[in-house]
Amino acid sequence: MGRRNMSMMRLGRCAAFLAAAAFLLPFTILLMVFDQQYNFTYNSKRVFYQESDFYKINGTLYAPAFTLTTPTSVRTQYVFENGTHEELLPRDKFLEVGARMDARRDYMRSECSRLGLDSSSNKAYAWEYLINRQYHVIWCNIFKAASTSWMYNFNLMANYSAAFLDKTKEVPLELARKKYARPTVEMIKKAQPDSITFLIVRHPLERLASAYNDKIVHAWPKSFHDKMGHRIIRKYRKHLDGKPTPTERYPVFEEFVAYVLDEARAKRTLDMHWTPYTNFCTPCKFNFDVILKFETLDEDQRFLIQMARLQDVVKPEWRNSGKGTNTLHNINHLYSRLKKSQLDGLHKLYRYDFQLFNYTIDNYYEIVKEDDESNHG
């Protein structure tokens, strides 16, 4: 009798164990599937910040996520030491440029707050942004600020081949927009948490001179800007007694500036090549991770490419499509033709570009003429 009871007890325990296992099995399988899916999703995300302990981004210190999922031997291979690319910045330089980016970002945010440009009363504009989800980068395209170079890069990232891009006659922006839809503000903000958002700026008056040289002086015959130039000449070219009249077939710089200032005063939409980039990108309405400047463009581009792990896709090249004399060699001559009142007008037009990105106009006042002096003397 005792043996029979023992056998029944063992049988009961086995039955209970099998019942419990049968009950728990679906949950175990689901847990394994979810864990596998989590690991797949997590590991498929791009990792941007790979400092040895922490990296500061948007004012917050983050531990590098890859240290949680990769072997120790891989952890010690930082982005600035990974591979044989000559374009990569060494570790110390990478950190130096990173600190510079932190300072620029903090300065811009401070100015945005001081000037009230980050308030809800100011509208955000997303029209000129390009979002690449494959490489997790977001760029606001400011014309005449390395836009040719980075439009080429974004087309490479959109899987156009370099051979095709180098030979095609299609406009790079039109090619890009076949791959990158015009985003909404919501699309940008949704993509930002796992992306690097950047823009490239330059001194506002240098950008204006570059746009003038490229789009007005060297406008293609019968193009939009060539026709604009003829309209400017008809309206602004004066025949003054005792003073020489310009003979150039294109508007001279003071005529062009008079046109730009009149358009701004009339609150008409300015051409995208000289629209203030504070209006163009509304940088106070988005969180920017990297702010590149022309003055340090080589290092800044290398930092961005490294940070976004793009070194196998793009190169830190400056593909300048500008025509004619280099802007820096020409700029003193151009601004020496202006009157002080015109420079005052330009300073007002681009005041936020100057303030947000820490540019000064002081040395330009040493170049221009007083209002009672001849423009062409």
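See the structure above.
Described in the following lines is the structure provided in the data block. Nothing here was measured: the structure is a model prediction, and the numbers come from that model.

A separate point is the pairing of strand E3 (residues 129-132). Where burial is concerned, the two faces of E3 agree: the one with Tyr129 and Ile131 and the one with Leu130 and Asn132 are both buried. Sheet topology places E3 next to strand E4 (residues 137-140); four bridges connect them, and they run antiparallel. The partner of Leu130 across the bridge, within E4, is Trp139. Between the end of E3 and the start of E4, which pair antiparallel, lie four residues, with His136 showing a positive phi angle near 60°.

Empty pockets left among the atoms are what a rolling probe the size of a water molecule brings to light. There is about 990 Å³ of room inside the second largest pocket. Taken together, 29 residues form the lining of the second largest pocket, with Leu270, Thr275, Pro276, Asn279 and Leu349 sitting closest to its centre. Taken together, the elements giving at least two residues each to the lining of the second largest pocket come down to helix H10 (253-265), helix H11 (277-281), helix H14 (340-349) and helix H15 (351-356). Across the lining of the second largest pocket, the residue classes tally to 14 nonpolar, seven polar and eight charged.

What follows deals with the sheet that holds E4. The four strands lie next to each other as E3-E4-E5-E6, forming an open sheet whose pairing is mixed. Looking at strand neighbours, the two that pair on one side only are E3 and strand E6 (290-293), the edges of this open sheet. The mean angle between the axes of side-by-side strands here comes to 20°, regardless of whether they run parallel or antiparallel. Taken strand by strand, helix H4 (residues 147-157) contacts E3, E4 and strand E5 (196-201), and its axis lies near 150° from that of E4.

Further remarks concern the state of the cysteines. Summed over all chains, the structure comprises two disulfides. With a sulfur-sulfur separation of 1.9 Å, Cys112 is cross-linked through a disulfide to Cys284. Here the S-S torsion is close to -80°, and the disulfide linking Cys112 with Cys284 is therefore left-handed. Here Cys284 lies in the loop between H11 and E6 and Cys112 lies in helix H3 (residues 91-115), a separation of 172 residues in the sequence. Accessibility classification places Cys112 together with Cys284 in one group, the buried group. Paired through a disulfide, Cys140 and Cys281 show a sulfur-sulfur distance of 1.9 Å. One quick way to see it: the torsion about the S-S bond of Cys140 and Cys281 is about -90°, and its sign makes the bridge left-handed. Note that Cys140 is positioned in strand E4 and Cys281 in helix H11, a separation of 141 residues in sequence. Comparing Cys140 with Cys281 shows no difference in burial state: the two are buried. Each bonded cysteine in the protein gets a number by its place in the sequence, and the pairs come out as 1-4, 2-3.

In this section: the environment of His218. Relative to the assigned elements, His218 resides in the loop between helix H8 (204-217) and helix H9 (224-236). Along the primary structure His218 and Tyr250 are separated by 32 residues, whereas in three dimensions their C-alpha atoms are 8.5 Å apart. Only 2.9 Å separates the side chain of His218 from the backbone oxygen of Asn213, close enough to count as a polar contact.

With 14 residues, H8 should cover 20 Å at 1.5 Å per step; its first-to-last C-alpha distance of 19 Å lies within 8% of that length. With 13 of its 14 residues buried, H8 lies for the most part within the structure.

Let's shift gears to the environment of Ile196. Checked against the element boundaries, Ile196 lands in strand E5. Separated by 61 residues in the primary sequence, Ile196 and Tyr135 have C-alpha atoms spaced 9.2 Å apart.

Only a minority of non-glycine residues have a phi that is not negative, and only a minority of peptide bonds are not trans. In this structure, Ala146 is a non-glycine residue whose phi angle is positive, near 60°. Mapped onto the secondary structure, Ala146 falls in the loop between E4 and H4. Its relative accessible area of 6% is what places Ala146 among the buried residues. Non-glycine residue Lys267 carries a positive phi angle of around 60°. By secondary structure assignment, the location of Lys267 is in the loop between H10 and H11.

Turning our eyes to something else, we now look at helix H12 (residues 297-307). By the criterion of burial, H12 is predominantly enclosed, with eight of the eleven residues buried. Following H12 by one or two positions, Arg309 has its phi on the positive side, about 55°.

For the coordinates displayed, the defined rule picks out 18 salt bridges. Residue Arg202 is joined to Glu206 by a salt bridge in which the shortest nitrogen-to-oxygen separation is 2.7 Å. Taking the relative accessible area as the measure of exposure, Arg202 reaches 5% and is therefore buried. Bridged by salt links that share partners, the residues Lys93, Glu96, Arg100, Arg104, Glu299 and Asp300 form one connected network.

Conventions used here
- Residues numbered from 1 in each chain as written.
- Predicted model: local features only at pLDDT ≥ 70, side-chain atom pairs only at ≥ 80, totals over all residues.
- Heavy atoms only, no water.
- Buried < 20%, exposed > 50% of the residue type's maximum accessible area, 1.4 Å probe, protein only.
- Helix = DSSP H or I, 4+ residues; strand = E, 2+ residues; numbered from the N terminus.
- Pairing = 2+ DSSP bridges.
- 1 Å grid on protein atoms, 1.4 Å probe; cavity = no way out; pocket = protein on both sides within 12 Å on 5 of 7 lines; lining within 4 Å.
- Points joined across faces, edges and corners; volume = space filled by probe spheres on them.
- Nonpolar A, V, L, I, M, F, W, Y, C, P; charged D, E, K, R; others polar.
- Axes fitted to C-alpha atoms, helices over the stretch in contact; angles between N-to-C directions.
- Contact = heavy atoms within 4.5 Å.
- Disulfide = S-S within 2.5 Å.
- Polar contact = N/O pair within 3.5 Å; in protein donor to acceptor, adjacent residues only side chain to side chain.
- Expected span 1.5 Å × (residues − 1).
- Salt bridge = Lys/Arg side-chain N within 4 Å of Asp/Glu carboxyl O.

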